[in-house]
Amino acid sequence: MNLVFLGPPGAGKGTQAERMCKKYGFMHISTGAMLREQIEAQTEIGKLAAELIDRGEFVPDDIVIAMVEEKVNCPAARHGVILDGFPRTIAQAKLLLERMSIDAAINIDVHTDCLVSRIISRRTCTACDIVYNVDDVPDGVCTKCGGALTIRHDDTPEVFKERLHIYTERTLPIINYCNENGILKTVNGNQSVEMVEKEIAEVIERLKK
Ligand code: AMP
């Protein structure tokens, strides 16, 4: 089973993808995490990505598509994948649906007014990219791998505003596109992490039948 997680920045795509991968054995493919790895490794792609991400802009389609293609073709992807943060443009979405069988695009629907507070209280592990709320990690250390937690450069109110603007213009149309292709499933993201997790698991269970 191959799934796509859709939703604005701060909707909880990464958190929920992580939980579903643990529960069902999917491979988690996060384009944002892959780009942050490139930035950390100071590659040419990383240098370009850093500039764009810090402004809240998208990385060019060809770069992101090549990264995703490599991941989905590796053996660990055979048990199914969750694509988190991809597709983000209609061009990416069209290519994905042409080349890969996608069972569902799960849209985590959240009121935009609560997103900025989620984003500014977010802490991300520099080693494994897991996301926490600042209140849950008083010692600033990842409980999964012991890595240091940091505030992402793009998790500021200013950059968030731009990210939300670009999301609305370029990513939101994908929801319609997925609906037209009969793969859209929407869950209510305005609930506790556990309740959202339960709704997504129910969608997956129905798909398995
Ligand atoms: P994320 O971790 O998903 O919030 O992604 C962080 C940033 O990486 C985004 O704001 C974009 O700048 C970039 N990025 C991630 N995925 C994509 C994508 N599919 N297409 C273009 N840029 C992306």
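So, here is what we can say about the structure in this document. Fair warning: this is a prediction, and the values are worked out from it, not measured in the lab.

1. Some details on the side chain of Arg 123
Next, step 1: Note that Arg 123 resides in strand 5 (residues 122-125).
Next, step 2: Buried charge Arg 123 goes without a salt bridge, the closest partner of opposite sign being Asp 155 at 7.0 Å.
Next, step 3: A distance of 3.2 Å separates a polar atom in the side chain of Arg 123 from the backbone oxygen of Ile 120.
Next, step 4: For Arg 123, the contacting residues outside a window of four places in its chain are Ile 130, Val 131, Tyr 132, Val 134, Leu 149, Thr 150 and Ile 151.

2. Quick notes on the site of the ligand
Next, step 1: As a matter of local geometry, the ligand sits amid 16 residues, with Thr 31, Arg 36, Glu 57, Gly 85 and Arg 88 nearest to it.
Next, step 2: Contact distances for the ligand include 2.5 Å between an oxygen atom and a backbone N or O atom of Glu 57.
Next, step 3: A total of 480 Å² of accessible area belongs to the ligand in isolation, and the protein chains cover 96% of it.
Next, step 4: A per-element tally of the shell around the ligand places helix 2 (residues 31-40) first, with four residues.
Next, step 5: The residue makeup of the shell around the ligand, split by class, is six nonpolar, four polar and six charged.

3. Quick look at the nonpolar core
Next, step 1: Membership of the largest hydrophobic core comes to 54 residues, with the highest contact counts inside it found for Leu 83 and Ile 200.
Next, step 2: A total of six residues in this core trace back to one element, the largest contributor, which is helix 4 (residues 61-72).
Next, step 3: Excluding residues within four positions of it along the chain, Leu 83 makes contact with Leu 3, Val 4, Phe 5, Ile 29, Val 68, Leu 96 and Ile 102.
Next, step 4: One finds Cys 125, Val 137, Cys 142 and Leu 149 within the second-largest nonpolar core, a separate group that totals six residues.

Rules behind the numbers
For every chain, the first residue of the written sequence is number 1, and numbering continues from 1 onward in sequence order. A pLDDT threshold of at least 70 governs which residues receive local features in this predicted model, and a stricter bar of 80 or more applies before side-chain atom pairs are shown or counted, although totals over entire chains, interfaces and linings include all residues. Side-chain figures throughout are based on the complete set of non-hydrogen atoms in the structure, without hydrogens or water. By the criteria applied, helices consist of DSSP H or I runs no shorter than four residues and strands consist of E runs no shorter than two, each listed in order from the N terminus. Note on exposure labels: buried denotes an accessible area under 20% of the residue type's maximum, exposed denotes more than 50%, and partly exposed covers the range between, all computed with a 1.4 Å probe on protein chains only. The charge count includes Lys and Arg as positive and Asp and Glu as negative, but it does not include His or the ends of the chains. Throughout this description, the term salt bridge denotes a Lys or Arg side-chain nitrogen within 4 Å of a carboxyl oxygen of Asp or Glu. Pairing of N or O atoms within 3.5 Å defines a polar contact, subject to two protein rules: one partner must be a possible hydrogen donor and the other a possible acceptor, and residues neighboring in sequence count only if both atoms are side-chain atoms. By definition, residues are in contact when any of their heavy atoms lie within 4.5 Å. By convention in these notes, a residue is near a molecule or strand provided one of its non-hydrogen atoms lies within 4 Å of it. Accessible surface is estimated by sampling points in the Shrake-Rupley manner with a 1.4 Å probe; for residues, cover comes only from the protein chains shown. Amino acids outside the nonpolar list (Ala, Val, Leu, Ile, Met, Phe, Trp, Tyr, Cys, Pro) and the charged list (Asp, Glu, Lys, Arg) are all regarded as polar, and Gly is one of them. In this text, buried Ala, Val, Leu, Ile, Met, Phe, Trp, Tyr and Cys residues form a nonpolar core when linked through side-chain atoms within 4.5 Å.

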